[in-house]
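Summary of structural features
One-letter residues, chain by chain:
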Amino acid sequence: MTYKETLDWMFAQLPMYQQKGKSAFNAKLDKSISLASFLGNPEHKFKSVHVAGTNGKGSSSHMLASILQAAGYKTGLYTSPHLNDFRERIRINGKPAEKDFVVDFIAKHKEYLQGNQLSFFEMTVGMAFDYFAENSVDIAIIEVGLGGRLDSTNIIIPEVSLITNIGLDHVDMLGDTLEKIAIEKAGIIKEGVPVVISEFQEEIAKIFHTISKERNAEIIFADKIINKEYKTSLLGSYQIKNIKGVVATIKKLDGFEISETHIEKGLANVVENTGLLGRWQVLDENPMVICDTAHNKEGLSEVLVQLKQQKFNKLHIVLGFVKDKNLDFILPLFPKDADYYFTKPDIPRGLEVLELIEKAEKYGLEGVQCASVKDAFAMAKQNAMINDFIFIGGSTFVVAEVV
């Protein structure tokens, strides 16, 4: 098969969560464990850091990788979802896995993958772990896909675990309270492995204390111990919280020589070192065009605070969502004095535009219906003056169509 044919085959297997939503969620680790065994347990052949959390886990994973690269370590990075190319998910020192590796991995193991009905995510995790082992990385940063306890990545024993924060997202799968979601995320805490929590949240701190004590895991609340202010090339004031967790995690890594200079250089060159996309990303400057993948109440709250700090004459917002978001929590966050270009991301899970418009009008958000993300963006650019501001967001999949 060609690279495209290989990806088409992978996407056509048991449902892909990003496309299908809850129906693709497989709350078991059995198949991930079996695949790892079939591959010779590649996850035992490299050191790792495991990263979970409702918001900030992607940015934090990239920052960790960038710092380790700055310190001279060969660093694997596994994240999801991808925006443009599947290989964004699997990188070493910022370079995506080769197309030939993806094709060869599937060709070699297709009979097993098909016969055991592995999901898209399960086979992708196995592929990543195999790639990191084959290339003898010094360490790999592994981002959880969804939740933690039953996520396909949760077969590793990391050097340190990092949980960024807890918010109400994916409530249909992880639970409808912060406490229930915290228990799922805390599932990555391993026996004797230190865990860093980026943000102290009083209402759930007890859960982390209890589980870490049960597992003899040292717990570190980063915002209680990291007082130094660091700068990062990632734009967005919300990154300050992520940085504290990242730095605390780096400082708990035994056996790695990482100086303050490495930390500072790594944080200053995240995009250059790791290829991160979609975090307060500047697409144009005249007028200013920003996109951000924030897609839940907590993440969008931070982004919209940042948006209010910008200077402009008129605000234009290209907005689309997926079906499983509670818009009654999210839409009230958005400014009423903006011009909206409502659209639907081009995936089966995308929320229909008319449904979005109906909801938006309840909260005083007015705008036009657009047939696609590209049409919405084009219309916003056509209407915006040079001193205006265009924001594109609401979903990772809206951003994926413009970066």
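Higher on the page you've got the structure.
Quick summary incoming for the structure in this document.

Conventions we followed
- Residues numbered from 1 in each chain as written.
- Predicted model: local features only at pLDDT ≥ 70, side-chain atom pairs only at ≥ 80, totals over all residues.
- Heavy atoms only, no water.
- Pairing = 2+ DSSP bridges.
- Helix = DSSP H or I, 4+ residues; strand = E, 2+ residues; numbered from the N terminus.
- Contact = heavy atoms within 4.5 Å.
- Axes fitted to C-alpha atoms, helices over the stretch in contact; angles between N-to-C directions.
- Left-handed = near helix turned anticlockwise from the far one by under 90°.
- Nonpolar A, V, L, I, M, F, W, Y, C, P; charged D, E, K, R; others polar.
- Buried < 20%, exposed > 50% of the residue type's maximum accessible area, 1.4 Å probe, protein only.
- Salt bridge = Lys/Arg side-chain N within 4 Å of Asp/Glu carboxyl O.
- Core = buried A, V, L, I, M, F, W, Y, C linked by side-chain atoms within 4.5 Å.
- Phe/Tyr/Trp six-rings, centres within 6.5 Å; stacked < 30°, edge-to-face > 60°.
- Lys NZ or Arg CZ within 6 Å of the ring centre and 35° of its normal.

**A short note on the sheet that holds strand E3 (residues 90–92)**
To summarise the sheet geometry, strands pair through backbone hydrogen bonds and adopt either a parallel or an antiparallel arrangement. Pairing within the open sheet is mixed, and its eight strands lie in the order E4-E3-E2-E5-E1-E6-E7-E8. A strand with exactly one partner marks an edge of an open sheet, and here the two such strands are strand E4 (95–96) and strand E8 (219–221). Helix-sheet contacts for helix H6 (residues 120–134) involve strand E2 (75–78), E3, E4 and strand E5 (139–143), and the interaxial angle to E3 is about 15°.

**Considering the packing of helix H11 (residues 239–251) against helix H12 (residues 260–268)**
Where H11 contacts H12, the axes come no closer than 12 Å and their chain directions differ by 145°. Seen from above, H11 lies across H12 with right-handed handedness. In this structure, H11 uses Ile243, Val247, Ile250 and Lys251 to contact H12, whose residues at the interface are Glu260, Ile263 and Leu267. In terms of residue class, the contact of H11 with H12 is built from five nonpolar, no polar and two charged.

**What about the pairing of strand E6 (residues 160–163)?**
A regular strand places its side chains so that they alternate between the two faces of the sheet. Along E6, one buried face is formed by Val160 and Leu162 and the opposite face, lined by Ser161 and Ile163, is buried too. Here three bridges tie E6 to strand E7 (residues 195–197), and the two strands are oriented parallel to one another. By the bridge assignment for E7, serine 161 is matched with valine 195.

**Digging into the sheet that holds strand E11 (residues 315–319)**
The strand order E9-E10-E14-E11-E12-E13 describes an open sheet built from six strands, whose pairing is mixed. Either end of the sheet is taken by a strand with one partner, and the two such strands are strand E9 (281–285) and strand E13 (367–369). Mean inter-strand twist for the sheet, computed between neighbouring axes without regard to direction, equals 15°. Sitting on the sheet, helix H17 (residues 373–383) touches strand E10 (288–291), E11, strand E12 (339–342), E13 and strand E14 (389–393), and the angle it makes with E11 is about 175°.

**Details of the pattern of salt bridges**
Under the defined criterion, the tally for this structure stands at 13 salt bridges. By sharing partners, the salt bridges in this structure join Lys228, Lys251, Glu260 and Glu264 into a single network.

**Notes on the nonpolar core**
Core analysis: the largest hydrophobic core is formed by 36 residues, its most contacted members being Met10, Leu113, Met127 and Phe132. Among the elements of the structure, helix H1 (3–12), helix H3 (30–38), E3, helix H5 (99–115), H6 and E5 are those that each provide at least two residues to this core. Per element, the largest residue contribution to this core is ten residues, and it comes from H6. Counting 32 residues, the second largest nonpolar core, distinct from the first, contains Met63, Leu77, Ile226 and Ala248.

**Section: the side chain of asparagine 242**
Of note, asparagine 242 is situated in helix H11. Excluding residues that lie within four positions of it along the chain, asparagine 242 makes contacts with Asn55, Gly56, Ser59, Ser60 and Met63.

**Some details on the packing of aromatic side chains**
The tally for this structure, following the rule as stated, stands at 16 aromatic pairs. Judged by centre distance (6.5 Å) and plane angle (35°), the rings of tryptophan 280 and phenylalanine 389 are tilted. Taken together, the residues tryptophan 280 in the loop between helix H13 (270–274) and E9 and phenylalanine 389 in strand E14 connect sequence positions 109 residues apart. Between tryptophan 280 and phenylalanine 391, the aromatic rings sit 6.4 Å apart at their centres with planes inclined by 35°, giving tilted as the arrangement. Placement of the pair is tryptophan 280 in the loop between H13 and E9 and phenylalanine 391 in strand E14, with a sequence separation of 111 residues. Here a set of aromatic residues connected by ring pairs shows up, and it is made of Phe46, Phe101, Phe105, Phe129, Tyr131 and Phe132. Against the face of phenylalanine 377 rests lysine 381, its NZ or CZ located 4.4 Å from the ring centre.

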